[in-house]
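# Notes for the structure review
These are the residues of each chain, in order.
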Amino acid sequence: MQATFFLKEVIANAEKKSSLIILSNKQMKDSLLGLIKDYSEKNKILIIVSFFTPIIEIRKIFGGKNIYFADCTQNNGDLDENIVLTTNPSDLTGIMIAIDLIEKKVAGEKVIIFDALNIMEAYNEYKKMGRFLHALSNKTKLRENTLILITEKISTDPKTIDLAKQFSDKNYDYSSLFISTIASMETK
């Protein structure tokens, strides 16, 4: 796993807010795992809305304690009470219902992490995503939870990034930072 030191800023400022993290392709997986690791160590309840990362992989690293999944990948392996399946990535109503089911099942503050807004974009129309993000952001704030949207800069339409920014309290663009950091580390 690559260093994800830059996520400390996100974690320090994200509580009970909606945040958008813009990353490079190389950062996506390690950043998701870094967020899960940090929040797990703080015993936070996590809801991972997974469009990209297989649940089996996350569980192999972190186990299942306090980690719940709204699975959009349909590549989950064994099902249990911590996984709620959605019909497909274009079923935004189903995704919202999955999140609601998990939230009702588990008491306490939750951190909701979308692992790939860019993949969600591939399956949904712009206006539909706007309505979904608006509703999700409002629900998250009303319930005093934390929402973190992760997207990959190059494969996400700039209009979608602007849309997500509208419904985020804070935006973080680390897409260039990581690449230059890796390059400087590789030349040493």
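Here's what I pulled together on the structure shown here. (Residues numbered from 1 in each chain as written. Predicted model: local features only at pLDDT ≥ 70, side-chain atom pairs only at ≥ 80, totals over all residues. Heavy atoms only, no water.)

### Things to note about the packing of helix α4 (residues 92–105) against helix α6 (residues 126–142)
In a packed pair of helices, the relevant descriptors are the angle between the two axes and the axis-to-axis distance. In contact at an axis separation of 10 Å, α4 and α6 are set at 15° when each is read in the N-to-C sense. Classified by the angle between their axes, α4 and α6 sit roughly parallel to one another. Of the two possible hands of crossing, α4 and α6 adopt the one that is right-handed. Across the interface between the two elements, L92, I95, M96, I99 and D100 of α4 pack against K128, M129, F132, A135, L136 and K139 of α6. Of the residues that constitute the contact of α4 with α6, the class distribution is 8 nonpolar, no polar and 3 charged. (Axes fitted to C-alpha atoms, helices over the stretch in contact; angles between N-to-C directions. Helix = DSSP H or I, 4+ residues; strand = E, 2+ residues; numbered from the N terminus. Parallel < 35°, antiparallel > 145°, perpendicular 65-115°, else oblique. Left-handed = near helix turned anticlockwise from the far one by under 90°. Contact = heavy atoms within 4.5 Å. Nonpolar A, V, L, I, M, F, W, Y, C, P; charged D, E, K, R; others polar.)

### Here's the deal with the pattern of salt bridges
All told, the structure shown has 11 salt bridges when counted by the stated rule. Here R143 and D100 are joined by a salt bridge, their closest N and O atoms 2.9 Å apart. Placement of R143 in the loop between α6 and β6 (146–152) and of D100 in helix α4 is noted, with a sequence separation of 43 residues between them. The class of R143 is partly exposed, set by a relative accessible area of 37%. For D100, a relative accessible area of 14% gives the class buried. A salt bridge links E103 to R143, with the shortest nitrogen-to-oxygen separation between them at 2.1 Å. Of this pair, E103 sits in helix α4 while R143 is found in the loop between α6 and β6, placing the two residues 40 residues apart along the sequence. Connected through shared salt-bridge partners, D100, E103, K139 and R143 make up one network. (Salt bridge = Lys/Arg side-chain N within 4 Å of Asp/Glu carboxyl O. Buried < 20%, exposed > 50% of the residue type's maximum accessible area, 1.4 Å probe, protein only.)

### Overview of the packing of helix α2 (residues 28–41) against helix α3 (residues 55–62)
Relative to each other, α2 and α3 sit at 45°, their axes nearing to 11 Å. Classified by the interaxial angle, the pair formed by α2 and α3 is oblique. The two elements α2 and α3 meet at a crossing, and its hand is right-handed. Where α2 approaches α3, its residues K29, L32, L33, I36 and K37 are matched on the opposing element by E57, I58, I61 and F62.

Just distances and angles here, no functional claims.
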